[in-house]
Amino acid sequence: MRVTIVVPSFPKLTETFIVTKFLGLLERGWDMHVVCETTDLADWDRFPDLLRQAGTRHRVHCSWPHRPRWLALLLVPVALFRCIFKNPIGTSQYLLNGWRLIGIDALRRLYLDANLVILKPDIIHFEFGALAFGRKHLKEFLNCRVVVSFRGYDLNHFGVEHDRFFRDIWDQADAIHVLGEDLWRRAMRRGCPADRFHQLIPPAIDANLFNPMNRMHTDFAGTRERPLRILSVGRLEWEKGYEYAIHAIRKLKNQGVCCSYRIVGRGSFLEAIAFAIHQFALDDDVQLLGGLSQAQVVEEMRIADIFLHSAVSEGFCNAVLEAQAMMLPVVCSDAGGLPENVLHTETGFVVPRRYPAALAEKLALLGSDPDMRQRMGLAGRRRVQIHFRLVDQITSFEQLYSRVMQSNAEAGGEADTYICATQVSLTEG
Amino acid sequence: MQESTKFRLLVVGVSWPPETFLAGLIKGLTDAGVEVTVSCTKMQPKSRVANPKLRWLRVPTWQGSVVLRLIRLASMAVRAIFRGPSDIAIFASHIRKGSNLAERLRTWNRLLQFAGRRWDVIYFAWNSAAIDYIPLFDLGCPVVVSCRGSQIHVAPHNPERLELRQGLRATFERATLVHCVSEATMHEAQSFRLDSAKSQVIRPSVDTQFFFPLERDGTNGELFRLMTTGRLIFQKGLGYALHAVRLLLDEGISLRFDIVGDGPERQYVTYTIYDLGLERVVHLHGRLPLGGVQSLLRRADAFLLASVSEGISNAVIEAMACGLPVVTTNCGGMREAVQDCVEGFVVPVRDPIAISDALRKLAVDPELRLRMGRAARERVLREFSLDQQVGRWLTLYAKVVNNSVRLR
């Protein structure tokens, strides 16, 4: 069975989960391919697993250039020729259908979809909802199944001003994949019919990779000699609510707790974050570390006492899962799927979003209580090992794809919720 | 005091049409008889008609086909060599420091139009413009630079823009006079080695003929109409403003919040509206023409500025001119425009509870709104009216011109 994953860029450090899923399914015999806009050779070196497996490079297909325009125009005949050569039936089907529905624009579309036409996939999986927007023609033109994942920003704020923005996706997709209950509720709030076939598959973590070794939370932290070490990992974007985290650090300091707050990540909200640090006079207490490799992130997590995540908009958050795998107690906001991710008072604390005072209170509590940090850290690691295992995630995707192909036979047939094994145990837990 | 207005002024780095305050200043200066030349990259065809007294110096953009760009650059170079060969040498001494060829060509493209031309004063309306055009400081004309908010208060703290600090120091050192929009901005600029002896504060102003209150009893019935204007950027603290609105609604106060403006954080604002369940209460208008802003202001009950950083907000002064009480955060020079409990309330930055407390006082007390609104209008007439401001600028320029004449 050939499954083609569509992503903006591959492989990407901030989207490691796509790489692990790709490799996991490949290992189990699925004919996996990736179609992306860009691929950076330097990034390949950061994924030794990808390089180790033979032939992965040939399974990643970059789109033809859109710009400059003249180059794209020159390349249209080349792309057309290649499509005809590799998949004559599919190409003629695409062009015939296209001509009927959108006229000459079909040629431009073919150029943009050339890789998908050549690959003849059974299933196209858009890994982000925003990518599927405006591509409803693919299903009909290529005669394949379409699966769309919603991972956070797409449902949270992509096209949120328009009432029926994702209407085509709700109508056309053979299956919707969401990371958790909260995202599914959001999908329904944005017009997805409640009986649409969907599957909840939470992210998964390689607990061997995120190994805390023998860390112990034995120190009382918060003094000048032993400051409380707080860590955040995430892109520097407004969604992550860093201004609230920095405000919380100010409040913590006002309470007399000495702390050192380190932020890993880069992004377009850097100026706002740097300004907040300056405005709260925390230049010595908050460090912006920039983007780090996974190994460096693991190292940072080993040193830290608490993981802080103050997002205002979130899907599920892999970094928070990774922190739990690293035995870090988590203090986070209740944005998006975070309450499903962190068990409040068990593996950390979940407080209302946009409330720095609540964040500060929980940080101070954890700082003064090493036993609690230890207990929550252990519980966090156990939780990840039981509920967020890679093998389960891969199995769930296999189930999803198999069901989508089965539903082929019973076209338009039953549409229902399908909750995978992991998710059942998660909600019970 | 009558100042001589017989001088030639060059305004550099303006994107046309300019911001309201700049347009007002330029118009005021040309009306007073100053010969104003505006250098800008983009120019709408109508702008020439709008102010026939204005002169233009068009700096072409470094965009489009490479061949066309190079031809344009070559023809500019030939004309510049005839006009002012010595200026070319001045520019070249700056440009040699740049390494990258594309960057060097871009800089030449920006500078060549200025070769061989002279003015009595060169005025940079933004710090960034002064830094981009730093070779013009060597043309021998006196230079005035304006410091307005973000480029002094925020951007220099961005670790990826540390070169801005050097730029600020270099331009402050060489400028004849530095204008600041508020005392607070001047104070902040001094940390980039601005000499207080050559800095001067002129606060912004508004056209009080255009922005004036509607005759009314100060109430909109039950509904409390709150308003803010400004670009949708993080500096405006709209997340805090919307949070405060949510708190007020939770207390049962019925209100409507109009946001006028557009910008890079639009997505953040729309998401926050959605996330806080404010879709029915908040109206996001996008950019509106001045008339639209004015009519919304005149119908509003109060103005909110929740900024985390400001030089001094023009929007607040416009609202005050329309007789609106203002709730503003205490950042930059806002205290210089609004006195706490007189023209409105001044609250701490990043504090939605304090914002909502102040708003509640206004929401429940139409009398207070009326009293503070009147005080606001009076304050603007007294200190922030356009006519006074043009006079202050004329004095400032005259001082610069006279000093340089004396030095020669």
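Residues numbered from 1 in each chain as written. Chains lettered and ligands numbered in written order. Predicted model: local features only at pLDDT ≥ 70, side-chain atom pairs only at ≥ 80, totals over all residues.

Enquirer: Hey, could you run me through the overall build of chain B in this one?
Expert: Check the secondary structure of chain B and you find 17 helices and 13 strands. At 23 Å, chain B has a C-alpha radius of gyration in line with the 22 Å of a compact globule built from 408 residues. With the C-alpha coordinates aligned to their principal axes, the bounding extent of chain B is approximately 70 × 50 × 40 Å. Per-residue burial for chain B yields a buried fraction of 46% across its 408 residues. (Helix = DSSP H or I, 4+ residues; strand = E, 2+ residues; numbered from the N terminus. Rg over C-alpha atoms; globule rule 2.2 N^0.38 Å. Buried ≥ 20, exposed ≤ 12 C-beta atoms within 10 Å, placed from the backbone.)

Enquirer: Sorry, what's going on with the environment of A:R46 here?
Expert: Residues and elements named next belong to chain A. Take R46: it is sitting in the loop between α2 (41–44) and α3 (48–52). In sequence terms R46 and S149 are 103 residues apart; their C-alpha atoms lie 25 Å from each other. Excluding residues within four positions of it along the chain, R46 makes contact with L13 and S293. (Contact = placed C-beta atoms within 7 Å.)

Enquirer: Sorry, what's going on with the domain arrangement of chain B here?
Expert: Interface size, as often reported, equals the accessible area lost upon joining of the parts. Residues and elements named next belong to chain B. Along its sequence, chain B is carved into domain 1 (8–58 + 120–205 + 386–407) and domain 2 (224–383). Spacing between the C-alpha centres of domain 1 and domain 2 amounts to 28 Å. Each side of the interface is counted separately: domain 1 has 14 residues, and domain 2 has eleven residues. Contributing elements (two or more residues each) for the side of domain 1 that touches domain 2: α1 (20–31), α7 (150–153) and α9 (183–189). Of all the elements, α9 adds the most residues to the side of domain 1 that touches domain 2, at three residues. Looking at the side of domain 1 that touches domain 2 residue by residue, the classes come out as five nonpolar, six polar and three charged. (Domains from an automatic or database assignment. Nonpolar A, V, L, I, M, F, W, Y, C, P; charged D, E, K, R; others polar.)

Enquirer: Can you help me understand the sheet that holds strand β2 (residues 35–40) of chain B in this one?
Expert: Picture the strands of a sheet paired through backbone hydrogen bonds; they go either parallel or antiparallel. Residue and element names in this part refer to chain B. The strand order β3-β2-β1-β4-β5-β6-β7 describes an open sheet built from seven strands, whose pairing is parallel. The strands lining the two open edges of the sheet, one partner per strand, are β3 (55–58) and β7 (199–201). Strand-to-strand twist across the sheet, computed as the mean angle between neighbouring axes with direction ignored, equals 25°. Here strand β1 (residues 8–12) pairs with strand β4 (residues 121–124) via four bridges, running parallel. Across the sheet, residue V11 finds its bridge partner in β4, namely Y123. The sheet contacts of α1 involve β1 and β2, and relative to β2 the element is tilted by about 150°. (Pairing = 2+ DSSP bridges. Axes fitted to C-alpha atoms, helices over the stretch in contact; angles between N-to-C directions.)

Enquirer: So what exactly am I meant to see when it comes to the nonpolar core here?
Expert: The nonpolar side chains of a soluble globular protein tend to be buried, and buried together. Residues and elements named next belong to chain B. Counting 242 residues, the largest nonpolar core has L9, V121 and L359 as its most contacted members. A per-element tally of this core places helix α17 (residues 386–407) first, with eight residues. Residues within four places of L9 in sequence aside, it is in contact with L29, V34, E35, V36, W119, D120, V121, Y123 and Y397. (Core = buried A, V, L, I, M, F, W, Y, C linked by C-beta atoms within 7 Å.)

Enquirer: Got a minute to help me understand the environment of B:E318 in this structure?
Expert: Residues and elements named next belong to chain B. Turning to its location among the elements, E318 is positioned in helix α13 (residues 314–321). Residue class for E318 comes out buried when judged on the 27 C-beta atoms lying within 10 Å of it. Sequence-distant contacts of E318, that is, excluding residues within four places in its chain, are made with V206, F211 and L297.

Enquirer: Help me out: how do you make sense of the environment of B:L396 in this one?
Expert: Residues and elements named next belong to chain B. Tracing the backbone through its elements, the reader meets L396 in helix α17. The class for L396 is partly exposed, based on 18 C-beta atoms found within 10 Å. A sequence separation of 220 residues divides L396 from T176, and the C-alpha atoms of the two residues are 11 Å apart. Contact partners of L396, with chain neighbours within four places excluded, come to L177, H179, Q200 and I202.

Enquirer: Help me out: how do you make sense of the domain arrangement of chain A in this one?
Expert: Residues and elements named next belong to chain A. Splitting chain A by domain gives domain 1 (2–205 + 392–428) and domain 2 (228–387). Taking only C-alpha atoms, the centre of domain 1 and the centre of domain 2 are 32 Å apart. Taken together, the contacts link 20 residues of domain 1 with 17 residues of domain 2. Counting residues per element, the ones that place at least two in the side of domain 1 that touches domain 2 are α1 (16–27), α10 (153–157), α12 (181–189) and α21 (421–428).

Enquirer: In this structure, what is going on with the sheet that holds strand β10 (residues 282–286) of chain B? I would like to understand it.
Expert: Residue and element names in this part refer to chain B. Taking strand neighbours across the sheet as the criterion, the six strands line up as β10-β9-β8-β11-β12-β13 in an open arrangement whose pairing is parallel. The sheet is open, and its two edges are formed by β10 and β13 (344–347), each paired on a single side. Here the strands of the sheet are splayed against their neighbours by 20° on average, with no regard to which way each runs. Sheet strands touched by helix α10 (residues 238–250): β8 (224–229), β9 (255–260), β10 and β11 (302–305). Its angle to β9, the strand with the most contacts, is close to 170°.

Enquirer: What is the right way to look at the pairing of strand β13 (residues 348–351) of chain A in this model?
Expert: Consecutive residues of a regular strand have side chains that alternate between opposite faces of the sheet. Residues and elements named next belong to chain A. Here β13 shows two buried faces, one formed by G348 and V350 and the other by F349 and V351. Across four bridges, the pairing between strand β12 (residues 330–333) and β13 is parallel. When the sheet's bridge partners are listed, S333 is paired in β13 with V351.

Enquirer: Explanation requested: the interface of chain B and chain A in the structure shown.
Expert: Counting residues at the interface gives 18 residues for chain B, matched by 17 residues for chain A. The dominant element in the side of chain B that touches chain A, judged by the number of residues it contributes, is helix α11 (residues 266–275) of chain B, at six residues. Of the residues contributing to the side of chain B that touches chain A, the split by class is eight nonpolar, six polar and four charged.

Enquirer: In this structure, what is going on with the packing of helix α13 (residues 242–254) of chain A against helix α18 (residues 356–368) of chain A? I would like to understand it.
Expert: Any two packed helices are characterised by how steeply their axes cross, that is the angle between the axes, and by the distance between the axes. Residue and element names in this part refer to chain A. Closest axis-to-axis distance for the α13/α18 pair is 8 Å, and the angle between their directions is 55°. Viewed along their axes, α13 and α18 adopt a mutual orientation that is oblique. Like other packed secondary-structure pairs, α13 and α18 cross with a definite hand, here right-handed. Contacts between α13 and α18 involve Y244, A245, H247, A248, K251 and L252 from the first element and P356, A357, L359, A360, L363 and A364 from the second. (Parallel < 35°, antiparallel > 145°, perpendicular 65-115°, else oblique. Left-handed = near helix turned anticlockwise from the far one by under 90°.)

Enquirer: For this particular structure, what's the right way to read the confidence of the model for chain A?
Expert: The predicted structure's coordinates, where accompanied by low pLDDT, should not be read in detail. All names here are of chain A. Looking at chain A as a whole, the pLDDT averages 88, with 95% of positions reaching at least 70. When mean pLDDT is compared element by element in chain A, β13 scores highest at 98, while α21 scores lowest at 41. Within the model, pLDDT remains below 50 along residues 411–429, and this stretch shows 28 contacts once partners closer than five positions in the same chain are excluded. (pLDDT = per-residue confidence, 0-100.)

Enquirer: I would appreciate a short explanation of the pairing of β9(B) in the present structure.
Expert: All names here are of chain B. Both β8 and β9 contribute to a ladder of six bridges, which runs parallel. What sits directly across from T229, in β9, is V260. Taken together, β8, α10 and β9 form a β-α-β motif whose crossover is right-handed. In this sheet, β10 lies alongside β9 in parallel orientation, the contact comprising four bridges. Bridging across to β10, F257 finds its partner in V282. Each parallel crossover has a hand, and for β9 linked through α11 to β10 it is right-handed. (Right-handed = clockwise from strand over helix to strand, strands pointing away.)

Enquirer: What exactly am I supposed to notice about α13(B) here?
Expert: Residues three or four positions apart in an α-helix share a direction because the helix packs 3.6 residues into each turn. Burial of α13(B) is extensive: eight of the eight residues sit out of reach of the surface. Looking at α13(B), one finds that the buried residues are B:N314, B:A315, B:V316, B:I317, B:E318, B:A319, B:M320 and B:A321.

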